[in-house]
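The lines below spell out each chain.
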Amino acid sequence: MSPLRLGYGTNGLTDLRLEDALRLLADLGYDGVGLTLDHMHLDPLAPDLAARTRHVARQLHRLGLAVTVETGARYVLDPRRKHGPSLLDDDPDARWARVRLLIRSVRVAADLGAHAVHCFSGPRPAGLDQDTAWKRLADALGPVLDAAEDTGVPLAVEPEPGHLLATLTDFHRLRTELGDPEPLGLTLDIGHCQCLEPLPPADCVRAAAPCCAVQIEDMRRGVHEHLPFGDGEIDFPPVLDALAATGYQGLTVVELPRHSHAGPELAAQSMRFLRNGGTR
């Protein structure tokens, strides 16, 4: 049984400066951070990215925090379209904007010493057939996987409710479409398992191992809403036991992106909950 290494996502601490957020997590005893590249936290599109990345890397080292890089910022590319454009956008130039962002994120992750870079597919555009959508996704991810192989930082794709790649079965389809590339890994979101997978979350953990990255929060069946622990339906002790039993060595990152207004309090509560084995 491997002790879990806990992290907290900065997308749930957007009311804090990044330096303050990192110090908070270190003070609370977190092992690392899920760093969402966004305009308020290490903006990937602002000038002097390399210098700013070095500064953050020094902070992480000084505080003893590991890091996973997250790319799910809502409006980082388009201020009017949530998560747009995606890897499945009908406009090839728009798709390429997302590809460029992911390649840049992989390079930032390498400079930070991150153990993985997260991404997701995006929803299938209206009128686009399934086979074409899968080919489009595979083609778009090719250059990103090349960057992941060059840097040694795996790309961890997350099944996301409502997206083309929504389930663990979909993830395995992508691996097959791409020829099972070594740099392609999985981000397993425990709440998403509760939301729409046929297996219970603990069984999903065992079925999905090995994972590159893990996100965790509470959730209800059929409702894609990230909830604080205890507000949903997940039985967490079996989930945590399953993660430990698989020997997972990456970060298990709490993801509460809609609760930044209470981020410091929820970060503390989440740490107590998880260190108590998933019970109050």
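Rules used in this analysis
- Residues numbered from 1 in each chain as written.
- Predicted model: local features only at pLDDT ≥ 70, side-chain atom pairs only at ≥ 80, totals over all residues.
- Heavy atoms only, no water.
- Helix = DSSP H or I, 4+ residues; strand = E, 2+ residues; numbered from the N terminus.
- Buried < 20%, exposed > 50% of the residue type's maximum accessible area, 1.4 Å probe, protein only.
- Axes fitted to C-alpha atoms, helices over the stretch in contact; angles between N-to-C directions.
- Parallel < 35°, antiparallel > 145°, perpendicular 65-115°, else oblique.
- Left-handed = near helix turned anticlockwise from the far one by under 90°.
- Contact = heavy atoms within 4.5 Å.
- Nonpolar A, V, L, I, M, F, W, Y, C, P; charged D, E, K, R; others polar.
- Salt bridge = Lys/Arg side-chain N within 4 Å of Asp/Glu carboxyl O.
- Disulfide = S-S within 2.5 Å.

> Account for the environment of Ala245, with residues named and values stated.
By secondary structure assignment, the location of Ala245 is in helix α8 (residues 236-245). Relative accessible area serves as the criterion here: at 53%, Ala245 is assigned to the exposed category. Sequence-wise, Ala245 and Val205 are 40 residues apart; in three dimensions their C-alpha atoms are separated by 9.7 Å.

> Break down the packing of helix α4 (residues 130-151) against helix α5 (residues 168-178) for me, citing the residues and quoting the values.
Two numbers describe how α4 lies on α5: the axes approach to 10 Å, and their chain directions differ by 70°. Taken together, the axes of α4 and α5 are roughly perpendicular relative to one another. The way α4 lies across α5 gives a crossing that is right-handed. In this structure, α4 contributes Asp131, Trp134, Leu137, Ala138, Leu141 and Leu145 to the contact, and α5 contributes Asp170, Arg173, Leu174, Glu177 and Leu178. Across the contact of α4 with α5, the residue classes break down as seven nonpolar, no polar and four charged.

> How would you explain the pattern of salt bridges if you had to name every residue and give the values?
Applying the stated criterion across every chain, the model contains 11 salt bridges. In this structure, the salt-bridge partner of Arg17 is Asp20, at a minimum N-O distance of 3.7 Å. Using a relative accessible area of 64% as the deciding quantity, one classes Arg17 as exposed. In this structure, Asp139 and Lys135 form a salt bridge, with 2.8 Å as the shortest nitrogen-oxygen distance. Of this pair, Asp139 and Lys135 both sit in helix α4, four residues apart, roughly one helical turn. Connected through salt bridges with shared partners, the residues Arg17, Asp20 and Arg23 form a single ionic network.

> Give me the lowdown on the state of the cysteines, citing residues and values where you can.
A full pass over the atoms with the stated rule returns zero disulfides. We note that Cys195 lacks a disulfide partner, and the nearest cysteine sulfur, in Cys193, lies 9.9 Å from it. For Cys195, a relative accessible area of 7% corresponds to the buried category. Between Cys211, a free cysteine, and Cys212, which holds the nearest cysteine sulfur, the sulfur-to-sulfur gap is 7.9 Å.

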